[in-house]
Amino acid sequence: MSKAWLAAFFISLGVSAAAEPDFKSLGQRALALSQDYIRINSVNPPADTRATAAFLQKLLESEGIQVKTFESSPGHLNVLARLPGKQPGKRLLMLNHMDVVPADASRWPMDPFAAQIKDGMLYGRGAIDMKTTGIFQVLTLIALKKEGLVPEHDILLLCSADEESGGDQGAQWMIAHHWPEIECEYALDEGGFGTRDLLSAKGSLIFGVSVAEKKIVWARLIATGTSGHASQPVADNANDRLREGLNRLDGMMRKDGGVKSRLLDDFHKRAGALADNKFTRAIQRDTLSITSLRSGVGDPPKVNVIPSKAEATLDFRLMPETDLPAFLKRAQKLLADIPGLTFEVTHSTDPTPVSDYRTPLFECIEKAVHQEHAQAVVTPYLVPFGTDSNGLRQKGVKAYGLGTAVVDAAIVASMHSDAERMPVDQFEPALRIYYRAVADFARRP
Ligand SMILES: [Zn+2]
């Protein structure tokens, strides 16, 4: 459809076609800026975000956008930009984190901070998680301003420090110390993907928009027993007790099966038959990963010595609907008759609310995706890992994890890996979806 024809079509309908940015050049700019941004090392720890903050602040201010910075502790800078609306009140917060996880350069195919392009892929730490999305958000704000679109209510952009260590110096710190600055009704954050093979069994294009995340519960299982010469087995071997405890917990996790939830029902309804992989399995049930086993006497442990202590660390990830106290009670009861065994929770996240997805913003996202990919399914879902969104959801914000690029499962898995990458041909369409979703929402009263 030609532009002139499209304009005539809208005029005949009595609506004026909204002017849109030149997405081709905007997409090219997004790629170039993402490269510059990846080249600024913001590895966490230490999550020194002074240089990334200066880079984004300069970029935004050069386009006439108001920026404030907040230093949570030395070196940890958070950048807050604002596009003022016609009416008071803040409606939408775009949230991204500037820090990245470390990269072992010796294991990468190329320098993780060189942002090189090879075989149609931009390689670099932060390519998926989440510097490119950060640039999409920054350019969306800049493009809205350039197009002269004054939103009904303020639109905010927070580029945070420290997400990869839990956000204590980043988004969670902003929520705790500067809530009035960022208080909003909706947020767009990380946690979504457009993908053909990660979610769908049939290869259908599905955009999962995350509206919830799993609860993290870390625990320790400690067994004690009688030490001695391994030539004479004892009935109270700490290793046997630990093994028995782990077997029982594993059995409980398998037996518990899936969790009933409206979110999962809606996800299944929209997404259809799901691909079977570790990601889809993890988002449908409570899970347990045994992450360490420690035992033995001496280093390396002596083979002929029975130790008096054995220990395991356990990483449980629970569905938002799972009742934590009841779950822990069940685990304790299951282990109660094993002598010398203690089960202790060392860390658990706060409640993990599910954001409502029958909302105008979710509609805008669906519409923008369909404009780009007519056949795509857009569905709410949840992510198995933690994001900054959970802190916002606890404040009542409807927070969505949105990723607008189409990526395959291998690219999603490259997050935190030794070959993190983003397809170069996705910059333009991904930015178009991001801009359109936000622009549409910005116009709504
Ligand atoms: Zn991230």
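Source: prediction; values computed, not measured.

Criteria and cut-off values
- Residues numbered from 1 in each chain as written.
- Predicted model: local features only at pLDDT ≥ 70, side-chain atom pairs only at ≥ 80, totals over all residues.
- Heavy atoms only, no water.
- Helix = DSSP H or I, 4+ residues; strand = E, 2+ residues; numbered from the N terminus.
- Rg over C-alpha atoms; globule rule 2.2 N^0.38 Å.
- Buried < 20%, exposed > 50% of the residue type's maximum accessible area, 1.4 Å probe, protein only.
- Contact = heavy atoms within 4.5 Å.
- Areas by Shrake-Rupley, 256 points an atom, 1.4 Å probe, with all protein chains shown as cover.
- Lys, Arg positive; Asp, Glu negative; His and termini not counted.
- Charge placed at Lys NZ, Arg CZ, Asp CG, Glu CD.
- Core = buried A, V, L, I, M, F, W, Y, C linked by side-chain atoms within 4.5 Å.
- Domains from an automatic or database assignment.
- Expected span 1.5 Å × (residues − 1).
- 1 Å grid on protein atoms, 1.4 Å probe; cavity = no way out; pocket = protein on both sides within 12 Å on 5 of 7 lines; lining within 4 Å.
- Points joined across faces, edges and corners; volume = space filled by probe spheres on them.
- Nonpolar A, V, L, I, M, F, W, Y, C, P; charged D, E, K, R; others polar.
- Axes fitted to C-alpha atoms, helices over the stretch in contact; angles between N-to-C directions.
- Parallel < 35°, antiparallel > 145°, perpendicular 65-115°, else oblique.
- Left-handed = near helix turned anticlockwise from the far one by under 90°.
- Donors = N, O, S within 2.8 Å, 3.2 Å for Na, K, Ca; no water.
- Tetrahedral: all angles 85-135°; square planar, octahedral: opposite > 155°, others 65-115°.
- Pairing = 2+ DSSP bridges.
- Buried area = accessible area lost by both parts, 1.4 Å probe.
- Salt bridge = Lys/Arg side-chain N within 4 Å of Asp/Glu carboxyl O.
- Polar contact = N/O pair within 3.5 Å; in protein donor to acceptor, adjacent residues only side chain to side chain.

Let's shift gears to the overall build of the protein chain. A count of helices and strands for the protein chain gives 14 helices and 18 strands. The C-alpha atoms of the protein chain give a radius of gyration of 24 Å, which matches the 22 Å a tight globule of 445 residues would have. For the protein chain, the spread of C-alpha atoms along the principal axes amounts to about 90 × 45 × 45 Å. Among the 445 residues that make up the protein chain, the fraction classed as buried is 54%. Intrachain contacts of the protein chain at a sequence separation of at least 6 include 82% that bridge at least 24 residues. Accessible area of the protein chain: about 19,500 Å², with a carbon and sulfur share of 53%. Averaging the locations of the 51 positively and 54 negatively charged side chains of the protein chain gives two centres separated by 3 Å.

Another point: the nonpolar core. Of all hydrophobic cores here, the largest spans 94 residues; its most connected members are Leu60, Leu141, Leu188, Ile365 and Tyr400. Lining this core are residues from two domains, each supplying at least three of them: domain 1 (16-211 + 353-443) and domain 2 (215-348). The contact partners of Leu188, leaving out residues within four places of it in the chain, are Leu92, Leu93, Met94, Leu95, Gln137, Leu361, Ile365, Tyr400, Leu402, Tyr434 and Val438. Judged by nonpolar contacts, the second largest core, of 24 residues, contains Ala223, Leu242, Met252 and Leu341.

Below, the discussion takes up helix H4 (residues 131-146). With 16 residues, H4 extends 22 Å between its outermost C-alpha atoms, agreeing within 8% with the 22 Å of an ideal straight helix rising 1.5 Å per residue. Counting buried residues along H4, 14 of its 16 residues qualify, which places the element largely inside the surrounding structure. Gly148 lies just past H4 and shows a positive phi near 75°.

For the structure on display, the rule yields 1 cavity of 30 Å³ or more. Volume-wise, the largest cavity comes out at about 40 Å³. Contributing elements (two or more residues each) for the lining of the largest cavity: strand S3 (90-97), strand S6 (154-160) and helix H14 (427-443). The residue makeup of the lining of the largest cavity, split by class, is 4 nonpolar, 1 polar and 4 charged.

It is worth spelling out the packing of helix H7 (residues 238-256) against helix H10 (residues 324-335) at this point. The interhelical angle for the contact between H7 and H10, taken along N-to-C directions, is 140°, at an axis separation of 10 Å. Judged by the angle between their axes, H7 and H10 are oblique. When you trace H7 past H10, the crossing you get is right-handed. Contacts from Gly245, Arg248, Leu249, Met252, Met253 and Asp256 in H7 reach Phe327, Arg330, Ala331, Leu334 and Leu335 in H10.

Once that is clear, we can look at the coordination of the zinc ion. On the protein side, the zinc ion has His97 (NE2), Asp129 (OD), Glu190 (OE) and Glu190 (OE) as donor atoms, found 1.8 to 2.7 Å from it. Classification of the site at the zinc ion as irregular follows from its 4 donor atoms and the range of 53 to 153° in their angles at the metal. Spacing between the donor residues of the zinc ion along the chain follows H-x31-D-x60-E. Of this pair, His97 sits in strand S3 while Asp129 sits in the loop between strand S5 (121-123) and H4, and the two are 32 residues apart along the sequence.

Taken in spatial order, the 4 strands of this open sheet run S12-S14-S10-S15, and their pairing is antiparallel. Across the chains shown, the open sheet's two edge strands, defined by having one partner strand only, are strand S12 (287-295) and strand S15 (341-348). Taken over all neighbouring pairs, the strand axes of this sheet differ in orientation by 20° on average, direction set aside. Two strands pair when backbone bridges link them, and S12 and strand S14 (residues 309-318) are joined in this way by 8 bridges, in the antiparallel orientation. In the sheet register, Thr287 faces S14, and the bridge partner there is Arg317. Its contacts with the sheet place H7 against strand S10 (215-224), S12, S14 and S15, and it is angled at close to 15° to S14. In the packing of H10 onto the sheet, contacts are made with S10, S14 and S15, and the angle to S15 comes to roughly 160°.

It is worth spelling out the sheet that holds strand S18 (residues 421-423) at this point. The strand order across the open sheet built from 3 strands is S4-S5-S18, with neighbouring strands paired in antiparallel fashion. Strand pairing shows two members of the sheet lacking a second neighbour, strand S4 (117-118) and S18, which therefore form its edges. Direction of pairing for S5 relative to S18: antiparallel, over a ladder of 3 bridges. Looking at S18, one finds that Tyr123 is bridged to Arg421.

This brings us to the environment of Val150. With respect to the secondary-structure elements, Val150 resides in the loop between H4 and S6. Taking relative accessible area as the criterion, Val150 reaches 44% and is therefore assigned partly exposed. Spatially, the C-alpha atoms of Val150 and Ile365 are 19 Å apart, while their sequence positions differ by 215 residues. When near neighbours in sequence (up to four residues on either side) are disregarded, Val150 contacts Pro84, Gly85 and Lys86.

One frequent convention defines the size of an interface as the accessible area lost when the parts assemble. One can read the domain layout of the protein chain as domain 1 (16-211 + 353-443) and domain 2 (215-348). Centre-to-centre, using C-alpha coordinates, domain 1 lies 35 Å away from domain 2. Contacts between the two partners involve 22 residues from domain 1, matched on the other side by 19 residues from domain 2. For the domain 1 and domain 2 pair, buried surface summed over both sides reaches about 1,800 Å², with 67% attributable to carbon and sulfur atoms. There are 2 salt bridges connecting domain 1 and domain 2. Glu366 is the partner of Arg270 in a salt bridge, and the nearest nitrogen-oxygen pair spans 3.2 Å. Applying the counting criterion to the domain 1 and domain 2 interface returns 7 residue pairs in polar contact (both at pLDDT 80 or more). With 7 residues, strand S16 (residues 377-383) is the single largest residue contributor to the side of domain 1 that touches domain 2. A class-by-class count of the residues in the side of domain 1 that touches domain 2 yields 16 nonpolar, 3 polar and 3 charged.

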